[in-house]
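Summary of the model geometry
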Amino acid sequence: MKIFGFFSSLLITLALTIALSVKIGSVPPLGYFLDPFHGFWQNAEPEQLYIDPTLSASVRQPVSVVYDSLLIPHIFAENEYDLYWAQGFVQASHRLWQMEFVTHVAAGRISEIVGERALEFDRGQRRKGLAFAAENSWQAVQKNDTVRQIIEAYSDGINAYIESLKYQDYPVEYKLLNYRPEPWQPIKTALLLKYMADDLAGSDEDVENTNALKLFGKESLDRYFPVFLPGRDPVIPTERDWAFDALPLDTPQITYSNNALYTETIEEPNPDNGSNNWAVSGSRTRSGSPLLANDPHLGLNLPSIWYLVQLKAPGVNVFGATLPGSPGVVIGFNDSIAWGVTNARRDVKDWYKITFTSESRDEYEFGSRRLKTQQRIEEIKVRGSDTFYDTIIYTHYGPVVYDQRFPKESSTSAPRDYAMKWVAHDPSEEVVAFYELNRARNYNDYVKALDHYRSPAQNFVFASTSGDIAMWVQGAFPAKWQGQGRYLMDGSHPEQEWKAFIPKEHNAYVRNPARGFVSSANQIPADTTYPYYIYDHSYEHFRNRRINDQLSRTRRATPQQMMELQNDVYNQKASDILPLMLDSLDLSALSAEGRDMYDILRRWNYRNAVSQAAPAIFRTWWRALRKHIWDEFAAEEITLDAPSDAATIYLMKQFPNDTIFDSKLTTAQESLKDLLQESFLEAQQKIQDWQEVHGTAVNWGDYKSTSIQHMLQLDPFGVSNVPVGGGRSIVSANSERHGASWKMVVDLSESVKAWGVYPGGQSGNPGSYFYTNMVDTWAKGGYYPMKFYQYPEDNPTSVLARQTIQPKPTE
């Protein structure tokens, strides 16, 4: 019987092995995936990560890699090639799948992995021209031999790691999706940076504004969407004197004619993408040296967006946050300076109607001339299906994104024959800018490095050990006449095209302002005295005012106070409008439960703390109120975006009798006071429903339910219901799936010190302790001291592992 049992088990095992080794539809061959010797089990790691202490590789001289207790590598090399080769190798060893997947996303190649379900997404990426933009940038970078060589060295390091892998070594996502890594090409670094440009500077409201113009008229639009909202606190202090003559611009007489209302547009980036940064002069710090802080607000993802590293070689010793897939440090410090970035929102993407002269579409009208088009045939490989070929027409403006075949051939409600003109398509050298920033010693070096930076536009904060602080709003900004690009434009009229870019020396910037600090939080860059037209549909109005208010009150700032400000959960928006909302309620019409909610809000200290109920009640009430006020913008058959919260509050305070407060959701004539009462009752019901479902009193932490999810939305690979306060438009900007992706504070004393944390860990492997080891500290508002080694032998007690990369023996 025992022999029979053995053979029965053997036959069953063989049958399962054969069955599970076959791919069924989109399901990977589970036999390989579940194989205990090669499959996903091989991705589990012990808490004490094993690192091969000695490698033989194609470096020129020995390289030392010291991993500290957070698995942050400190790389020491004798030349630049080896430094960036090692950075590529080390980052790939922890984040290979993430690096490759993001570049596949940018290039519109996800259909190769998951099949036809991703085809429309890939078509959208191709039509945005991200690969076209990356090619232009890579051509520009190749003219700089130094930076070209470091990108190639970085790529060589990545490829060395890829070549060392066997199937059992693959990151788990490759096994789950049943594909393998491909050789890394240097242009993928350009693709990664264009992906970030799309994420941060790929948004526009041209179609929505055009629809709104037709529906409501220009007078109403100017009232509901003011370009300069009163009370704004710009990035550059208002005392700044613009001591230059702006480029002369002629404003043409334009009539915006639109006979259609559009419903379909390409997908927009997350509107919450933003950040905080600031620097405080030594005159306002306890140490007498500047302090710098930065916290970029992006999606809360796993693997984490950022990867920390120290890079040291002759001429450079820098530490900070890197984007896996690009060499160098993006946000960080060296022994002389520190810098950080926030998104400098500006309208740098416009849409032009193309008038083709024939069905062949090989020419189009441009004034009295006819210009030739170019065709770019995009080959989209589709797993399990035929290759899809998409022909995209390029004009001198850029790609014709919207045509008869896209977004959908059957749709009659999308724009047609519109070309995208976007700054990110132009050749650019962002890698060069960061290469020089990593080596900068002073303010002049910092300014010179920014000469190479075009897109996505950023507010670059700066501080140095010599005492300077500064802020440059840096990017390539078209010099526009008033209103240019706010609506869809006619590409056959040359006067509607961009004529020039604002010279870099005319960009908004300030050095050592009298107030003793600089800051930015995605607000408008300058006040109305700035001599160029400034427009974006989503300037921040709350975080920036809170930051500036707190910094203006600080006289002897410390690093701890900077950390506390980054973790500040004060709700400036609620402070601005909640008293008016509460004073407008008819308390006699409220139930006992409604009075309880009213009392909670009346006693609230405006802090969006995890344990408080008031933030949940206020947000629910505010959203219900906005639904009533802007119901005209909620038509499902038309693409429209309602005015901002800041504009809404301004209207409520200054124009309470505006006709917009006559809700279309009811048949009765209503006022703002009526809308406040009705929306409060709706909020009360929603809160009660939530409490009934969850069986507990509402609190902000559970109600907001922040989660840090895997890029593939795989629940077992994510972290749910993270107990962190804050929220949208709050300095601690942590919402459901978005927030502070990296927090850094730097003390620019003679011996530079820094602290940081991010919501994840250095490893991209869900089976590693270092995948999420920093999440709890991040959620509690804690920080880790960032170890800035001078020599590989430093701090032996805090070293997790050491690795030496030796040159291969010569044959």
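In the block above lies the structure referred to throughout.
What you see as residue numbers is a count from 1 along each chain, following the sequence as written. Totals for whole chains, interfaces and linings use all residues, but because this is a predicted model, local features are given only for residues with pLDDT of at least 70 and pairs of side-chain atoms are given and counted only at 80 or more. Each side-chain value is derived from all of the structure's non-hydrogen atoms; neither hydrogens nor water enter the calculation.

Observations regarding helix α6 (residues 130–141)
Put simply, the rule is: Numbering of helices and strands starts at the N terminus; helices are DSSP runs of H or I of at least 4 residues and strands are runs of E of at least 2. For a helix, the expected span equals 1.5 Å multiplied by the residue count minus one. We call a residue buried when its accessible area falls under 20% of the maximum for its residue type, exposed when it is over 50%, and partly exposed in between, using a 1.4 Å probe and counting protein chains only. Residue contacts are counted whenever heavy atoms from the two residues lie within 4.5 Å of one another.
The end-to-end C-alpha separation of α6 is 16 Å, in line with the 16 Å expected for twelve residues at 1.5 Å each. Of all twelve residues making up α6, nine are buried, and the element is well covered by its neighbours. Listed as buried for α6 are Leu-130, Ala-131, Ala-133, Ala-134, Asn-136, Ser-137, Trp-138, Ala-140 and Val-141. In this fold, the buried residues of α6 make contact with α3 (80–107), α5 (119–128), α7 (145–163), α9 (187–201), β14 (374–380) and β17 (418–422).

Section: the sheet that holds strand β8 (residues 316–322)
Stated precisely, the cut-off is as follows: Between any two strands, pairing holds if DSSP finds at least two bridges. To get an axis, a line is fitted to the C-alpha atoms, and for a helix only the part in contact is used. The angle between two axes follows their N-to-C directions and goes from 0 to 180 degrees.
With respect to topology, eleven strands assemble into an open sheet ordered β1-β29-β2-β3-β7-β8-β9-β10-β18-β19-β21, the strand pairing being mixed. What marks the edges here is a single partner per strand, and that holds for β1 (54–57) and β21 (509–511). Strand-to-strand twist in this sheet, taken as the mean axis angle between neighbours without regard to direction, amounts to 15°. Relative to strand β18 (residues 458–464), strand β10 (residues 337–343) is paired through seven bridges, and the arrangement is antiparallel. Bridge pairing in β18 places Ile-337 opposite Ser-464. Relative to the sheet, α3 contacts β1, β2 (63–68), β3 (73–76), β7 (307–313), β8 and β29 (799–807), its axis offset from that of β7 by approximately 160°.

Focus: the sheet that holds strand β24 (residues 719–722)
The strand order across the open sheet formed by three strands is β6-β23-β24, and the pairing between neighbours is mixed. Edge positions in the open sheet fall to β6 (301–302) and β24, since each of these has one partner strand only. Both strand β23 (residues 706–710) and β24 contribute to a ladder of two bridges, which runs antiparallel. Residue pairing in the sheet places Ile-708 in a bridge with Val-719 of β24.

Notes on α5
With eight of ten residues buried, α5 lies mostly within the body of the structure. Looking one or two residues past α5, Gly-129 carries a phi angle of roughly 80°, positive in sign.

A short note on the packing of aromatic side chains
We count it as follows: Side-chain rings of Phe, Tyr and Trp, where Trp is taken by its six-membered ring, are said to pair if the distance between their centres is within 6.5 Å; with planes under 30 degrees apart they count as stacked, over 60 as edge-to-face, and otherwise as tilted. Note on geometry: a ring has a charge over it if NZ (lysine) or CZ (arginine) is within 6 Å of the ring centre and within 35 degrees of the ring normal.
Within the structure shown, the criterion is met by 38 aromatic pairs. Geometrically, the ring pair formed by Phe-366 and Tyr-397 is edge-to-face, given 6.3 Å between the ring centres and 75° between the ring planes. With Phe-366 in strand β12 (residues 363–366) and Tyr-397 in the loop between β15 (388–394) and β16 (400–402), this pair connects stretches of sequence that are 31 residues apart. Owing to a relative accessible area of 9%, Phe-366 belongs among the buried residues under this scheme. Given the relative accessible area of 4%, Tyr-397 is considered buried. An aromatic cluster of at least three residues, connected via ring pairs, comprises Phe-216, Tyr-224, Phe-225, Trp-630 and Phe-633. In this structure, Arg-60 is placed above the aromatic ring of Tyr-81, and the distance from its NZ or CZ to the ring centre is 4.1 Å. For the cation-ring pair, Arg-240 lies above Tyr-509, with the distance from its terminal atom to the ring centre recorded as 4.6 Å.

Comments concerning unusual backbone geometry
Omega for the peptide link from Phe-406 to Pro-407 comes to 10°, which places this bond in the cis form. Checked against the element boundaries, Pro-407 lands in the loop between β16 and β17. With an omega of -5°, the peptide bond between Ser-455 and Pro-456 qualifies as cis. Looking at the secondary structure, you find Pro-456 in the loop between α13 (443–449) and β18.

Considering the pairing of strand β27 (residues 753–757)
The element β27 is extensively covered by neighbouring structure, given that four of its five residues are classed as buried. In terms of strand pairing, strand β26 (residues 743–747) meets β27 through five bridges, oriented antiparallel. When the sheet's bridge partners are listed, Asp-747 is paired in β27 with Lys-753. Linking two consecutive strands that pair antiparallel, namely β26 and β27, is a turn of five residues. Both β27 and strand β28 (residues 784–785) contribute to a ladder of two bridges, which runs antiparallel.

This is a description of form; function is not addressed.
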